[in-house]
Amino acid sequence: MKTKLKYVNVLKKKFRKYHTLQKNLEKVFNQDQRECIIYESHKGRAWSSNTVTKALRLISAFKPEEKHAVLLIDEMSIKPGVQFVNSIGLVVGKPTMKLSGGYDSSKGLAIGTMNVALSVALLNDNVAAAITFHITKKNIDKKHTTTAWFISLMHKWFKLMTSRYEKLALSYYNMSIYNESITFLQEFIEIITGITVDDNNWKPFQTGLLLCTKTALDLQAQFLSNHNFRYLLLRRCTQDALENLFSMKKKSCSKEKNSRKKSCSRCT
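Residues numbered from 1 in each chain as written. Predicted model: local features only at pLDDT ≥ 70, side-chain atom pairs only at ≥ 80, totals over all residues. Heavy atoms only, no water.

As annotated in an unreviewed UniProt entry, the protein chain is THAP domain-containing protein 9 from Trachymyrmex cornetzi.

We now examine unusual backbone geometry. Positioned with a positive phi, N200 is a non-glycine residue whose angle comes to about 70 degrees. Here N200 lies in the loop between α7 (175-194) and α8 (204-226). Relative accessible area serves as the criterion here: at 56%, N200 is assigned to the exposed category. Of note, N228 is a non-glycine position whose phi angle comes to about 55 degrees, a positive value. Along the chain, N228 falls in the loop between α8 and α9 (240-260). (Helix = DSSP H or I, 4+ residues; strand = E, 2+ residues; numbered from the N terminus. Buried < 20%, exposed > 50% of the residue type's maximum accessible area, 1.4 Å probe, protein only.)

Turning next to the pattern of salt bridges. Scanning the model with the defined rule gives 3 salt bridges in all. We note a salt bridge from K203 to D199, for which the minimum N-O separation is 3.0 Å. According to the relative accessible area criterion, K203 is buried, its value standing at 19%. With relative accessibility at 40%, the residue D199 sits in the partly exposed group. (Salt bridge = Lys/Arg side-chain N within 4 Å of Asp/Glu carboxyl O.)

A contiguous patch of positive charge on the surface is contributed by K12, K13, K14, R16 and K17. If you trace the backbone, K14 turns up in helix α1 (residues 2-28). The exposure class of K14 is exposed, given its relative accessible area of 56%. (Patch = residues over 30% accessible without salt bridge, like charges linked within 9 Å, V, L, I, M, F, W, Y side chains within 5 Å. Areas by Shrake-Rupley, 256 points an atom, 1.4 Å probe, with all protein chains shown as cover. Lys, Arg positive; Asp, Glu negative; His and termini not counted. Charge placed at Lys NZ, Arg CZ, Asp CG, Glu CD.)

With that out of the way, let us pick up a nonpolar patch on the surface. A surface patch of nonpolar side chains, amounting to about 560 Å² of accessible area, comprises W47, V52, L56, L58, I59 and F62. Of note, W47 is situated in the loop between α2 (31-38) and α3 (49-60).

Time to look at the nonpolar core. Grouped together as the largest cluster of nonpolar side chains are 22 residues, with contacts concentrated most on W157, F184, L185, F188, L209, L224 and L234. No other element matches α7, which puts 7 residues into this core. Split by domain, the residues of this core number at least three in each of domain 1 (116-162) and domain 2 (167-252). Ranked by size, the runner-up nonpolar core spans 5 residues in total, among them A128, I135, A148 and I151. (Core = buried A, V, L, I, M, F, W, Y, C linked by side-chain atoms within 4.5 Å. Domains from an automatic or database assignment.)

Right, let's get into the packing of aromatic side chains. The full count for this structure, using the stated rule, is 5 aromatic pairs. Judged by centre distance (5.0 Å) and plane angle (85 degrees), the rings of Y172 and Y178 are edge-to-face. The exposure class of Y172 is partly exposed, given its relative accessible area of 33%. Where F184 meets F188, the ring centres are 6.2 Å apart and the plane angle is 40 degrees; that geometry is what we call tilted. Residue F184 and its partner F188 are both found in helix α7; the two are separated by 4 residues, about one turn of the helix. Each of the two residues, F184 as well as F188, counts as buried. (Phe/Tyr/Trp six-rings, centres within 6.5 Å; stacked < 30°, edge-to-face > 60°.)

Take the side chain of K203 next. Positionally, K203 belongs in the loop between α7 and α8. If we ignore the near neighbours within four places in the chain, the residues touching K203 are V197 and D198. (Contact = heavy atoms within 4.5 Å.)

A separate point is the packing of helix α6 (residues 145-161) against α8. For the pair α6 and α8, interaxial distance at closest approach is 11 Å and the crossing angle is 45 degrees. When the axes of α6 and α8 are compared, the pair comes out oblique. Here α6 and α8 pass one another in a crossing that is left-handed. Within the contact between the two elements, α6 uses M154, W157 and M161 and α8 uses L209, C212, T213 and A216. The residue makeup of the contact of α6 with α8, split by class, is 6 nonpolar, 1 polar and no charged. (Axes fitted to C-alpha atoms, helices over the stretch in contact; angles between N-to-C directions. Parallel < 35°, antiparallel > 145°, perpendicular 65-115°, else oblique. Left-handed = near helix turned anticlockwise from the far one by under 90°. Nonpolar A, V, L, I, M, F, W, Y, C, P; charged D, E, K, R; others polar.)

What follows is the structure in structure tokens.
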């Protein structure tokens, strides 16, 4: 009996929390908005006239700098190896397109994947400090000083390019810090342009780094000078929002696939 009473009390607390949440949602969102939040769907939704009116009224209250939008575009990469399709869980074959340098991608067997977390953990000041420490202890050769320097360089570049707080943002508020950051990015372009890797041929990653850095420099000049932004967080210019959207979509489609025992066509 005590167990049942305890269970009833727990249910009552949950119901009160749900009722409070529902009342708060009703204060902010219209019926069609609440349904969109509650029910997962990728088919789109026709908004009511009240919702559209509210959205237009909200936009009209935006400051000029808050009305800017961004177009997010995902990339497509062609790598050596068989191609694995997540939506169906199968290897669908080997690419026949020739890669740079005339490399035949059909001969590879490894599935190419991207591991951002590992890259961030490796290109980190802590790794550079560890290498420097072992150099001073004479555990490794002094020539690895260059490696430590390059890792520190990439770590600083990554922090600037993914800044999410005002402390690391590009801003005219503190011109000494701003000039230091801009000078660093300009020097970074020169370094990446001048380095040689492996067989001394130009590598795709160099093009990517230069494109990102030059774009960041152009954007900061545009928004800070022409649109009078107080500061610019370069992380807002990345495709994190797009990747998060894809992650949510794949998660939803994965549930649908498991329930229907087949692949979801929206993932392909």
